[in-house]
Amino acid sequence: RVLFRSTMVFAKTTLKGDIMNHHKHLTLEEREKILKYHSMGYSLSRIAEILCGNKSTISRELNRNSDKDGYFPNRAENKYLSRRQKCRPKKLLEDSELYAYVKDKFLNEQWSPEEIDGRLKLEKSKWSISYSTIYRAIYDRMFDEPYLSSGNRGAIRKLRHRGKSRHTKGYVERRGQIVISHDIDERPAVANERSRLGDWEGDTVAGITGKACLVTLVDRKSRFLIGGKASEKKAEQVNKVMIASLKGQPCETITPDRGKEFAKHTVVTEALEKVQFYFPKPHHPWQRGTNENTNGLLREYFPKGRDLTDVSEEYIQKMYDKLNKRPRKCLGYKTPYEVYYSTVLQLT
């Protein structure tokens, strides 16, 4: 009896806690210990006590990983690794068809990861993939191609605002001042609420200074984009495009930025049945953020520094249409086209 108690004390002081502390899964070293003590005739409870585990863990290990020749730690470890590998879920983008779809929408259609995710859900597609999974794939370089970037950033450069410069805190607006007919605070509440069609935000997208520019008009409710190319970024040319674009469209209010190209906005007011212009406060671009965001999307097709003089009106309208049929998160992943025309498209 004394000998047995001495042996127990020795086992507790030298073995207890040296292996199985807080592991969820048994290690190879633990399996070797199990074989050793099991061969010595120790009970399952005693082995579990020595390894600071549960006897059911020891029992399952011996039952699941023994074969006709008995229990061998190396074989048990291999069986465990094989089962664990099989139970892991497959990566979604290992599906070549889904991978090709996501890559095409991201690189060729310029859809954001959230737009891809949201549109698949909206159309109850056979595929389902979260935007966070797509972001991980982008940062893991799964969509990289040699032509995507002159540097080493690859497809990451296709995300919005990657490396895009911002005005510094002390930036001072140096553009000329124009006559303001109405301040944005005077704009009707219904326009602020985005509850009707016909409340437009306007701006221009410049190419090379002194040459052609794009005129963009975005409906606040639907985010529908209209406009076209002006031969110069001057009031007369911009007015012509605005009047031609808004003829026949619902038009309740127009909220442009304070650029000099909108200095003669009263001409548009007269041409479009007295539609009123409401100007945002200086240095408050978020007061017409719908248009600012849309211009950012257009930059994916018309990057800064590109001469727009020889770009055809047909191509410009094709890119406008591409944006109008691109799902938006703010619209519940419907497209501006669907909201503006109250229709349904099949895009996936």
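Reading the values: rules and limits
Residues numbered from 1 in each chain as written. Predicted model: local features only at pLDDT ≥ 70, side-chain atom pairs only at ≥ 80, totals over all residues. Heavy atoms only, no water. Helix = DSSP H or I, 4+ residues; strand = E, 2+ residues; numbered from the N terminus. Buried < 20%, exposed > 50% of the residue type's maximum accessible area, 1.4 Å probe, protein only. Contact = heavy atoms within 4.5 Å. Areas by Shrake-Rupley, 256 points an atom, 1.4 Å probe, with all protein chains shown as cover. Phe/Tyr/Trp six-rings, centres within 6.5 Å; stacked < 30°, edge-to-face > 60°. Lys NZ or Arg CZ within 6 Å of the ring centre and 35° of its normal. Core = buried A, V, L, I, M, F, W, Y, C linked by side-chain atoms within 4.5 Å. Patch = residues over 30% accessible without salt bridge, like charges linked within 9 Å, V, L, I, M, F, W, Y side chains within 5 Å. Salt bridge = Lys/Arg side-chain N within 4 Å of Asp/Glu carboxyl O. Pairing = 2+ DSSP bridges. Axes fitted to C-alpha atoms, helices over the stretch in contact; angles between N-to-C directions. Right-handed = clockwise from strand over helix to strand, strands pointing away. Parallel < 35°, antiparallel > 145°, perpendicular 65-115°, else oblique. Left-handed = near helix turned anticlockwise from the far one by under 90°. Expected span 1.5 Å × (residues − 1).

> Sorry if this is basic, but what is going on with the overall build of the protein chain here?
A tally of regular secondary structure across the protein chain gives 14 helices and seven strands. Residues counted as buried form 40% of the 348 residues belonging to the protein chain. Long-range contacts, defined here as pairs at least 24 residues apart, represent 59% of the contacts in the protein chain between residues at least 6 apart. Carbon and sulfur atoms form 51% of the exposed surface of the protein chain, whose accessible area is close to 20,000 Å².

> Please explain the packing of aromatic side chains as it appears in this structure.
Given two aromatic rings, one states the distance between the centres and the angle between the planes to describe the pair. Within the structure shown, the criterion is met by 12 aromatic pairs. Grouping aromatic residues by their ring pairs yields a cluster made of Trp200, Phe224, Tyr337, Tyr340 and Tyr341. One Lys or Arg, lysine 105, reaches over the ring of tryptophan 111 and ends 4.5 Å from the middle of that ring. Above the ring of tyrosine 337, the side-chain terminus of lysine 325 is found at 5.0 Å from the ring centroid.

> Quick question: what am I supposed to make of the nonpolar core here?
Within soluble globular proteins, side chains that are nonpolar generally end up buried alongside one another. Among the nonpolar cores identified, the biggest contains 21 residues, and Met242, Leu246 and Ile254 are the most heavily contacted of them. Those elements that place two or more of their residues in this core are strand E4 (213–219), strand E5 (225–230) and helix H10 (235–246). Here this core gets five residues from one element, more than from any other, and that element is H10. Ranked by size, the runner-up nonpolar core spans 18 residues in total, among them Val102, Phe106, Ile129 and Ile134.

> Explain a nonpolar patch on the surface here, please?
There is a patch of nonpolar side chains on the surface, built from Tyr131, Tyr135 and Tyr139 and spanning about 290 Å² of accessible area. The residue tyrosine 135 is located in helix H8 (residues 131–139) in this model. For tyrosine 135, a relative accessible area of 30% corresponds to the partly exposed category.

> Sorry, what's going on with unusual backbone geometry here?
A negative phi angle characterises most non-glycine residues, just as the trans form characterises most peptide bonds. Of note, the phi angle at glutamine 110 is positive, near 60°, even though the residue is not glycine. Mapped onto the elements, glutamine 110 comes out in the loop between helix H6 (96–108) and helix H7 (113–122). In this structure, serine 342 is a non-glycine residue whose phi angle is positive, near 50°. Mapped onto the secondary structure, serine 342 falls in the segment after helix H14 (336–341).

> Would you mind showing me how to read the sheet that holds E4 here?
In any sheet, the strands associate via hydrogen bonds between backbone groups, in a parallel or an antiparallel arrangement. Strand order in the open sheet formed by five strands is E5-E4-E3-E6-E7, with mixed pairing between adjacent strands. The open sheet has two edge strands with one neighbour each: E5 and strand E7 (276–277). Relative to E7, strand E6 (residues 253–256) is paired through two bridges, and the arrangement is parallel. Along E7, the bridge assignment pairs threonine 253 with glutamine 276. Across the sheet, H10 lies against strand E3 (199–206), E4, E5, E6 and E7, angled at about 145° from E5, the strand it touches most.

> Is there a simple way to explain the pairing of E6 in this structure?
Burial along E6 is two-sided: the residues Thr253 and Thr255 and Ile254 and Pro256 are all buried. The pairing of E3 with E6 spans four bridges and is parallel. Within E6, the residue paired with glutamate 201 across the bridge is threonine 255. The β-α-β motif built from E6, the intervening helix H11 (residues 265–271) and the parallel element E7 has right-handed crossover chirality.

> Just to check I follow, could you spell out the packing of helix H2 (residues 28–39) against helix H5 (residues 73–87) for this structure?
Two numbers describe a pair of packed helices, the interaxial angle and the distance between the axes. The interhelical angle for the contact between H2 and H5, taken along N-to-C directions, is 135°, at an axis separation of 9 Å. Judged on the interaxial angle alone, H5 and H2 are oblique. In terms of crossing hand, the pair formed by H2 and H5 is right-handed. Residues Leu28, Arg31, Glu32 and Leu35 of H2 lie in contact with H5, whose contacting residues are Pro73, Asn74, Ala76, Glu77 and Tyr80.

> Help me out: how do you make sense of H5 in this one?
An α-helical turn contains 3.6 residues, so any two residues separated by three or four positions project in the same direction. The end-to-end C-alpha distance of H5 is 21 Å, a good match for the 21 Å that 15 residues give at a rise of 1.5 Å each. Elements in contact with the buried residues of H5: H2, helix H4 (55–65) and strand E2 (70–71).

From the geometry alone we can't say anything about function, so treat these as descriptive.
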